[in-house]
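# Architecture at a glance
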Amino acid sequence: MPSVFRPTHRRTTRPVHRAALTVLTATALTAPLALAAPATAASADPYTATALKLTVRAGGRDCTVDADLYRPAGVDAAHPAPAVLTTNGFGGSKSDGSTATTAKAFASRGYVALAYSGLGFGTSGCPISLDDPGIDGKAASQLIDFLAGARTADDGTRVDYVTKDRTAKGAAPDPRVGMIGGSYGGAIQMATAAVDHRVDALVPLITWNDLAYSQDPNNAGRTDGVTGPVPGAYKKEWTSGFFLIGEAQGLLHPSLDPSRLGGAGCLHFVADACRTKRLLDSGRYPADRTAQMLAYARSVSPVSYLKSVKAPTLLVQGEADTLFNLNEATATYRTLKDQGTDAKMIWQSWGHSGGMDKPAPGELDLGKGNLETSYVGRRILAWFDRYLNHRTGTDTGPAFAYYRDWAADGDTYGTADTFPTGSARTLYLSGDGTLVDSRAKVVRGSREYRNWLVPTSHSENSLAGILGLPDPAPYDTRGTALDWTSEPVTGGPLDVAGIPRATLKVVSPRTERTQGSSDAADRLVLFAKLYDVAPDGSQTLVHRLVAPVRVPDVTRKFTVQLPGIVHRYAPGHRLRFTLAASDSAYKGNRGIKPVTVTSAPGDTGALELPVVQGSVR
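This structure is a prediction, so every number in the text was calculated from the model and none was measured. (Residues numbered from 1 in each chain as written. Predicted model: local features only at pLDDT ≥ 70, side-chain atom pairs only at ≥ 80, totals over all residues. Heavy atoms only, no water.)

## Regarding the overall build of the protein
Within the protein, the regular secondary structure consists of 13 helices and 28 strands. For the protein, buried positions account for 60% of its 617 residues. In the protein, the share of contacts with a sequence separation of at least 24, taken over all contacts with a separation of at least 6, comes to 75%. Accessible surface for the protein amounts to roughly 22400 Å². Of this, 51% is attributable to carbon and sulfur atoms. Both charge centroids of the protein, one from 66 positive and one from 59 negative side chains, sit 4 Å from each other. (Helix = DSSP H or I, 4+ residues; strand = E, 2+ residues; numbered from the N terminus. Buried < 20%, exposed > 50% of the residue type's maximum accessible area, 1.4 Å probe, protein only. Contact = heavy atoms within 4.5 Å. Areas by Shrake-Rupley, 256 points an atom, 1.4 Å probe, with all protein chains shown as cover. Lys, Arg positive; Asp, Glu negative; His and termini not counted. Charge placed at Lys NZ, Arg CZ, Asp CG, Glu CD.)

## Regarding the nonpolar core
Formed by 58 residues in total, the largest nonpolar core has its most connected members in Leu-69, Phe-146, Val-309 and Trp-347. Once residues lying within four places of it in the same chain are set aside, the contact partners of Leu-69 are Thr-48, Ala-49, Thr-50, Leu-52, Val-112, Ala-113, Leu-114, Phe-146, Leu-147, Val-159 and Tyr-161. Listed in part, the 37 residues of the second largest apolar core include Leu-494, Val-549, Ile-565 and Leu-579. (Core = buried A, V, L, I, M, F, W, Y, C linked by side-chain atoms within 4.5 Å.)

## With respect to helix H3 (residues 184–195)
Along its 12 residues, H3 runs 17 Å from first to last C-alpha, staying within 8% of the 16 Å computed at 1.5 Å per residue. Of all the 12 residues making up H3, 11 are buried; the element is thus mostly covered by neighbouring parts of the structure. (Expected span 1.5 Å × (residues − 1).)

## Thoughts on the packing of helix H2 (residues 133–147) against H3
The geometry of H2 relative to H3 is characterised by a closest axis approach of 8 Å and an angle of 75 degrees between their N-to-C directions. Taken together, the axes of H2 and H3 lie roughly perpendicular to each other. From H2, Pro-133, Asp-136, Gly-137, Lys-138, Ala-140, Ser-141 and Ile-144 reach across to H3, where they touch Tyr-184, Ile-188, Ala-191, Thr-192 and Val-195. Here the contact of H2 with H3 is built from residues that sort into seven nonpolar, three polar and two charged. (Axes fitted to C-alpha atoms, helices over the stretch in contact; angles between N-to-C directions. Parallel < 35°, antiparallel > 145°, perpendicular 65-115°, else oblique. Nonpolar A, V, L, I, M, F, W, Y, C, P; charged D, E, K, R; others polar.)

## A word on the pattern of salt bridges
Once their charged atoms are close, side chains differing in charge can pair, the charge on each being opposite to the other. Applying the stated criterion across every chain yields a total of 24 salt bridges. Between Asp-62 and Arg-57 there is a salt bridge; the shortest N-O distance is 3.2 Å. For Asp-68, the salt bridge goes to Lys-94, with nearest N and O atoms at 2.7 Å. Here Lys-94 lies in the loop between strand S3 (83–87) and helix H1 (100–108) and Asp-68 lies in strand S2 (residues 61–72), a separation of 26 residues in the sequence. Since its relative accessible area comes to 12%, Asp-68 is described here as buried. (Salt bridge = Lys/Arg side-chain N within 4 Å of Asp/Glu carboxyl O.)

In C-alpha cells, the structure reads:
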C-alpha cells in the first residue's frame, strides 16, 4: 500500500462513552459527521457563507428547504470549483456539528459546499419521509439544479461558479457534485443518485441497506443480502428512540411550517412510516399488513433502487454499530460491484454504538476534521479528488479495508483487493457443549433451553449512552440459552474479519404446531451470538452484536448470517457460540417455546468463521 493510506497511530484499549444527552435533544442519534476546518486555516474563514431558502416540489407538496451555501475565496464564474452537498443525520439540521462543519471543511479545501436541513428537520418543510427517493431524492435533485445555475434560491440567488461537465445540446446543466454524510445523511446520497445521474461521487457513512432489516432483522431465510420475505425480531429500542425524536420536532423547532404535519396519526412522519411503526409495536405479523410493511420499508431503502445508482461510491461502515451493522454495507457493496458501479468499502471503528462521538485515537474524528491525518479521512479526500477534480492518477486505496484495534503503529487497517478476505474455518457443535474442528470429534448428545415471557438475555440498552445511563454487561440467564465453547487458542492469535455463518437444526414441537399460521409471529425466534472468553472465565460479547432469527421451519436445517465482526481472539482465549431464547433489546417469542438442539457425529450444527490469521481447535 502507498504510504498515503498508512495510519500513524496506535489505539489504546480504554473504553469510550457517549456524552449524556436527553432523548429530545437527540444529538447522539443524528450520526454526526463533523469535518471541521483544518487547523492551519487563517483566522478569517477562507470562504463566505450565505443562508438561503429554496422551495422544491416533492411528494406532491411544496417544501421549503433551509440551506447554507459556502463559497471558497477566489471561486467565481471564471474560476469554478466542484461542489459537495451534505445534509443531516436523523434529528439534526444544517446547523449541527454533523452538517455545517462538513460543509466548512470542504469549503476550506476549495469545494463549493451546500449544507441543508433534510425534509422534516430543522426548519425545512414537509414531513419526515425516511429518505424516500421519490420525495427526499427528488428534493435533493432540485438542489443540484440550483448548483448547476438552472434555478435560483427563493431570494433570487443564482450560482454560476460550480464546475460543469459537458452535456449534450438541450440536456440539463450538469454540475460536478459529490455528496457526503452519515446515517440518515448517508442513505439520502444513494436516493439522490438513483433519481439524478448528475451526482459524480458518494461517501455514505454508517447507513442502511434495507430498513426492514434494520428495524426488524431476520438473519435466516435471506434472499438478497440482508433482505428476506419474513420479518425477524423487532429492534424496539432503536426504532422507538428514532420515532420519538421525529415526533418531537415540534418541541425542538417551534412554529414549524404547516407542511410538516404527517398523517395516519403521526405528527411529523408520512403516513406509511406511521403505519409501519404501529404494526411493529403490535407484535403481530398478519400476512397482508406485513407484506405492505416490508414493501414500504424497502421502497425507501437502497436495496430497492441501487440498480439505478451509477455514481462511484465509497462506503464507510462502523464495526461498533448495532443499528446499521456491517452486513448492511456489505449488501450494498456487493450489489454495486455486481452491476459494475465503482465501489470500495471501509470498515472503520466507530458506528452508532460503542462511543460513536469519541473515535479511537488516530481514527477519523468528526469533531476535529482530521482528514489528512486519519486513514479514513485520506481515503475520502482521495475519492473526491479522483471523481470531482478528475485527477485520474489519484490512488483511491484498496477495495476493502478493516480497522484492527489490536494492530501495531502504522498498520491499524488491514486491507484486501477483494471481499471477502481470508479463508473460512468451520467448527462443529458437539453434544457436550464444545466447539470442535472436525465432525469426528462431535459427541452425541441433546440439550434444551426454554424461553420465559420476559427477556432473559441482555446484549445492550441501545439508548443507554444517549440517556447517560449505565448499561449492564451482556448476560444469559441459565436455562434460557445454550452455548458451545472451543479449546483455548494456541500457537498465536486468531484474527476474524468478515461475516460468520452458522448452520443449525433445532427441535421445537410447540412451534411445529403453530408455525404454519398466517401470522409470522407464531414462528420460533432465537438469538445467535459470539463471545470471547478470557482465561479467567470472563466473557465479552464482541461489539454487543447479536443475530436475531425467526426460524423458517423448525423441521429443517437453516443458515444464520451473524453480524460482521473484526476481532482478535488472543492466545489462551476461547470462542463461545451461544443461542439464546430472547434479548432485552428486541421483541421475541409469542408464548413459551422450548427448544432442543441435538448433535451427532454425522449430523450436527456448524459455525463458519472468516479467518485472516491463525487457527482454532
